[in-house]
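# Tertiary structure, described
Here is how the chains run, residue by residue.
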Amino acid sequence: THFLETNDLPSSFKVSHYLKRSLTSVLLDFVHINAAAWIALMATANMIYYFAGVLIAKTRNEKSAGWFLAGCFVVMVVGYIILSVVMSMKME
């Protein structure tokens, strides 16, 4: 009731609905990823998958594609860690 009185709201105002809508709006804004980022992510994943298929076709060895995919994963994780550290340093 304090919230209703402080903001001059009618007693029929549903605070729970307001909080749910507010939280949903904040979360949607927080996790929003633009279309260009999604397209870049899908294009990168498709290129990696394509090159893994080419590697299997050329070498006839599935292990080489496995090593290629594992290497791509490690490179991306290390890149993400570096990016996170750089962003953290800039935020301080």
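Here the structure is a predicted model, which is why all the values come from computation and not from measurement. (Residues numbered from 1 in each chain as written. Predicted model: local features only at pLDDT ≥ 70, side-chain atom pairs only at ≥ 80, totals over all residues. Heavy atoms only, no water.)

### Observations concerning the overall build of the chain
Of the regular secondary structure elements, the chain holds four helices and zero strands. Along its sequence from the N terminus, the chain presents helices and strands in the succession α-α-α-α. Over its C-alpha atoms the chain spans a radius of gyration of 24 Å, topping by over 25% the 12 Å that the globule rule assigns to 92 residues. Seen through its C-alpha atoms, the chain measures out along the principal axes to roughly 75 × 30 × 20 Å. For the chain, the proportion of its 92 residues judged to be buried stands at 5%. Looking at the chain as shown, the accessible area adds up to about 8400 Å², and 71% of this sits on carbon and sulfur atoms. Distance from the positive charge centre (7 side chains) to the negative charge centre (5 side chains) of the chain: 20 Å. (Helix = DSSP H or I, 4+ residues; strand = E, 2+ residues; numbered from the N terminus. Rg over C-alpha atoms; globule rule 2.2 N^0.38 Å. Buried < 20%, exposed > 50% of the residue type's maximum accessible area, 1.4 Å probe, protein only. Areas by Shrake-Rupley, 256 points an atom, 1.4 Å probe, with all protein chains shown as cover. Lys, Arg positive; Asp, Glu negative; His and termini not counted. Charge placed at Lys NZ, Arg CZ, Asp CG, Glu CD.)

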